[in-house]
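# Summary of structural features
So you can see what is in the structure, the chains are spelled out below.
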Amino acid sequence: MTISAPPTRFAPAPGGRRIAYCVYGDPTGVPAIVAHGTPGSRFQALTLDASAAAAGVRLICPDRPGFGETDPVDIDDFHAWDGDFGALLDALELDRASLIGISGGAGYALAVAQRAPDRIEHLVVACGMVPGAPASATRGRLPVVTLAYWLARRVPGLLGILLARRSSAATDPAKPPNGLPESDRLALNDPAIRASTARDAEAALRQGPGAAVADMRRYHRALPDPLATITAPTTIVHGDLDANVPVGVARWLHARLPEADLRILPEAGHLFALTDPTPLWHALID
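Analysis parameters
Residues numbered from 1 in each chain as written. Predicted model: local features only at pLDDT ≥ 70, side-chain atom pairs only at ≥ 80, totals over all residues. Heavy atoms only, no water. Buried < 20%, exposed > 50% of the residue type's maximum accessible area, 1.4 Å probe, protein only. Helix = DSSP H or I, 4+ residues; strand = E, 2+ residues; numbered from the N terminus. Pairing = 2+ DSSP bridges. Axes fitted to C-alpha atoms, helices over the stretch in contact; angles between N-to-C directions. Parallel < 35°, antiparallel > 145°, perpendicular 65-115°, else oblique. Left-handed = near helix turned anticlockwise from the far one by under 90°. Contact = heavy atoms within 4.5 Å. Salt bridge = Lys/Arg side-chain N within 4 Å of Asp/Glu carboxyl O. Right-handed = clockwise from strand over helix to strand, strands pointing away.

The name an unreviewed UniProt entry assigns to the protein chain is AB hydrolase-1 domain-containing protein, from the organism Embleya scabrispora.

### Observations regarding the pairing of strand β3 (residues 30–35)
The element β3 is largely enclosed, with a buried count of five among its six residues. Summarising the sheet, β3 and strand β4 (residues 57–62) pair through four bridges and their orientation is parallel. Its bridge partner lying in β4, alanine 32 is registered against leucine 59.

### Details of the packing of helix α5 (residues 156–164) against helix α9 (residues 210–218)
One way to put it is that α5 packs onto α9 with a least axis distance of 9 Å and a crossing angle of 125°. Of the possible angle classes, the one that applies to α5 and α9 is oblique. As for how α5 packs across α9, the hand of that crossing is right-handed. Along its contact with α5, which presents Pro156, Leu159, Gly160 and Leu163, the element α9 presents Ala212, Val213 and Met216.

### Regarding the pattern of salt bridges
Going through the model one piece at a time under the given rule, you end up with eleven salt bridges. Across the pair arginine 42 and aspartate 63 runs a salt bridge whose closest N-O atoms are separated by 2.8 Å. Of this pair, arginine 42 sits in the loop between β3 and α1 (49–55) while aspartate 63 sits in the loop between β4 and α2 (82–91), and the two are 21 residues apart along the sequence. Neither residue differs from the other here; arginine 42 and aspartate 63 are each classed as buried. Ionic pairing is found between glutamate 121 and arginine 96, a salt bridge with its closest N-O pair at 3.0 Å. Remark: arginine 96 occurs in the loop between α2 and β5 (97–102) and glutamate 121 occurs in strand β6 (residues 120–126); sequence separation between them is 25 residues. Glutamate 121 sits in the partly exposed class, given a relative accessible area of 45%. Take arginine 96: its relative accessible area is 34%, and that puts it in the partly exposed class. Each of Arg18, Arg42, Asp63 and Glu69 takes part in salt bridges that share partners, so that together they form one network.

### Points about the pairing of β4
With six of six residues buried, β4 lies mostly within the body of the structure. Residues Val57, Leu59 and Cys61 of β4 are buried on one face, and the alternating residues Arg58, Ile60 and Pro62, pointing to the opposite face, are buried as well. Relative to β4, strand β2 (residues 17–25) runs antiparallel, the two sharing five bridges. Residue cysteine 22 lies in a different strand from β4, and its bridge partner there is cysteine 61. Crossover β3 to β4 through α1 is right-handed.

Encoded structure:
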């Protein structure tokens, strides 16, 4: 199946770099910038286009540094994306926007919220991994995901090789990881989602697996500043059957951000936004 995508646009970034991004949904709607997952790209929101338009959301999805066509950055912590977030807002002539951190992009969204609270309308953490989350919070995670995090710290070169070979296993419904919840298996059986995921995976690793390996390596460390320093209105949305990032991570984050709105989705897995992104739009607009 061929799935069409909006045109790729480019914005200037600090250090003479450039940011590649796509815009989905309603071009005049509520602006929200997406910090995509790991690996991921500007195409991670492909299947959300029509739903975002119906919800009145202008969804701006950039490649994070080193992914897709965005130039890498020489910063080795979760604040590596701070400059790009601000530069993208400036290029779009926006003072503020909402920010959605998805899966492995959540750490970068949380980091931006710490350093640039005046530029964030609303923070949404969707099935998000959290820097420094303890092993008790990740209990029940897919063994292959736990192994990937371990390899990122101990044998990063091997993880890079494995990620470079991941595309067919990630998009073939006949080869889902053991332990994947039924809701995610059903999602991977959808031809449109498979096509979107394949395109996203291909774009994500265009510059090689280095950025994805760095993402996973960083997650064993807490953010430099306490999570409690985040003051932006925050909603945490998580599937209770998520096997990639167990729901314990969302509860652990909520314990450190007690003012945040925690929304646990019954029977939902890690891919809930690909099949029903309504909880994301409610988090932004409610």
